[in-house]
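Residues per chain, in single letters:
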Amino acid sequence: MAERMSFDGKFDGKIPLKDVVKLSEADILALLHTGALFYSQGQEGTAQNILEGVAAIDPDNKYVHAALGALLTRKGANAPALEALNKAAKLNPSDIGVYVNRGEVLFKLGRIDDAAKDFKKALEMDPKKTNPAANRARLILVGLAAIAQKAKEKRA
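What counts, and where the lines are drawn
- Residues numbered from 1 in each chain as written.
- Predicted model: local features only at pLDDT ≥ 70, side-chain atom pairs only at ≥ 80, totals over all residues.
- Heavy atoms only, no water.
- Helix = DSSP H or I, 4+ residues; strand = E, 2+ residues; numbered from the N terminus.
- Buried < 20%, exposed > 50% of the residue type's maximum accessible area, 1.4 Å probe, protein only.
- Contact = heavy atoms within 4.5 Å.
- Areas by Shrake-Rupley, 256 points an atom, 1.4 Å probe, with all protein chains shown as cover.
- Lys, Arg positive; Asp, Glu negative; His and termini not counted.
- Charge placed at Lys NZ, Arg CZ, Asp CG, Glu CD.
- Axes fitted to C-alpha atoms, helices over the stretch in contact; angles between N-to-C directions.
- Parallel < 35°, antiparallel > 145°, perpendicular 65-115°, else oblique.
- Left-handed = near helix turned anticlockwise from the far one by under 90°.
- Nonpolar A, V, L, I, M, F, W, Y, C, P; charged D, E, K, R; others polar.
- Salt bridge = Lys/Arg side-chain N within 4 Å of Asp/Glu carboxyl O.
- Expected span 1.5 Å × (residues − 1).
- pLDDT = per-residue confidence, 0-100.
- Patch = residues over 30% accessible without salt bridge, like charges linked within 9 Å, V, L, I, M, F, W, Y side chains within 5 Å.

Draft legend 1. Spatial organisation of the overall build of the protein. Of regular secondary structure, the protein possesses 8 helices and 2 strands. Secondary structure elements of the protein occur, N-terminal to C-terminal, as β-β-α-α-α-α-α-α-α-α. Considering only C-alpha atoms, the protein reaches an extent of 65 × 40 × 35 Å along its principal axes. The buried share of the protein, taken over its 156 residues, is 37%. Pairs at least 24 apart in sequence give 45% of the contacts found in the protein among residues at least 6 apart. Taken as a whole, the protein presents about 9,600 Å² of accessible surface, with 59% of it coming from carbon and sulfur. Of the charged side chains in the protein, 24 are positive and 19 negative, and the gap between their average positions amounts to 7 Å.

Draft legend 2. Structural context of the packing of helix 4 (residues 64–75) against helix 5 (residues 78–91). One can describe the packing of helix 4 onto helix 5 by two numbers: an axis separation of 8 Å at closest approach and a directional angle of 155°. Taken together, the axes of helix 4 and helix 5 lie roughly antiparallel to each other. With respect to the hand of their crossing, helix 4 and helix 5 are arranged in left-handed fashion. Between helix 4, through His65, Ala66, Leu68, Gly69, Ala70, Leu72 and Thr73, and helix 5, the contact on the second element is made entirely by Pro80, Ala81, Ala84, Leu85, Lys87, Ala88 and Leu91. The residue makeup of the contact of helix 4 with helix 5, split by class, is 10 nonpolar, 3 polar and 1 charged.

Draft legend 3. Inspection of the pattern of salt bridges at higher detail. Inspection of every chain in the model, using the stated rule, returns 5 salt bridges. Between aspartate 114 and arginine 111 there is a salt bridge, with the nearest N and O atoms lying 3.0 Å from each other. Residue classification places aspartate 114 among the partly exposed residues on the basis of a relative accessible area of 28%. Aspartate 126 is the salt-bridge partner of arginine 138, the closest N and O atoms lying 3.2 Å from each other. Residue arginine 138 is located in helix 8 (residues 132–155), and its partner aspartate 126 is located in the loop between helix 7 (112–124) and helix 8; the two are separated by 12 residues in the primary sequence.

Draft legend 4. Representation of helix 3 (residues 44–57) within the structure. Between the first and last C-alpha of helix 3 there are 20 Å, a value that for 14 residues agrees with the 20 Å anticipated at 1.5 Å per step. Within helix 3 the residues assigned to the buried category are Glu44, Ala47, Gln48, Ile50, Leu51, Val54, Ala55, Ala56 and Ile57.

Draft legend 5. Summary view of the confidence of the model for the protein. With 91% of its residues at a pLDDT of 70 or more, the protein shows a mean pLDDT of 89. Across the protein, the secondary-structure element scoring lowest on mean pLDDT is strand 1 (residues 10–11), at 56, and the one scoring highest is helix 5, at 97. Counting contacts from residues 1–6, a segment whose pLDDT is below 50, to residues more than four positions away or on other chains yields 4 contacts.

Draft legend 6. Here's a closer look at the environment of lysine 87. Locating lysine 87 in the fold gives a position in helix 5. For the pair lysine 87 and alanine 66, spaced 21 residues apart in sequence, the C-alpha separation works out to 8.1 Å.

Draft legend 7. Spatial organisation of a nonpolar patch on the surface. Among the surface-exposed residues, Ile15, Val20 and Val21 lie close enough to one another that they form a single nonpolar patch of about 220 Å² accessible area. As for its placement among the helices and strands, valine 21 is situated in the loop between helix 1 (17–20) and helix 2 (25–40).

Structure representation (structure tokens):
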């Protein structure tokens, strides 16, 4: 797969590209929905192209980086997924799903302590235990605790 170029979404370093190409928020949202539709149909490459395009056009969009991070996580592209999820967390620090997805990526990258922090943050944000992403984090933490307990018993 070819390397993707990074673009900060600024035309001439000053004007947001979305203003240069005259895309409204509704246009951006339509593109995001189109990317999600392709993703749901298993056309991950097309979905990735759309999401990366939206990220270049509107780099401060709080939804595109979360969606791109989730897609890249599913594809196993952990380093770029982490980059997208870090930006998503910065732009939308109240998105529980971003912390759970980033925790999973951090776990896959062997950064267990950082992963646990993200999972715990997701749990703190869902005290009523109703968010599906936070509930996924709860199950992951239970599994990790069970693995740690078995490893401890083997050492003893």
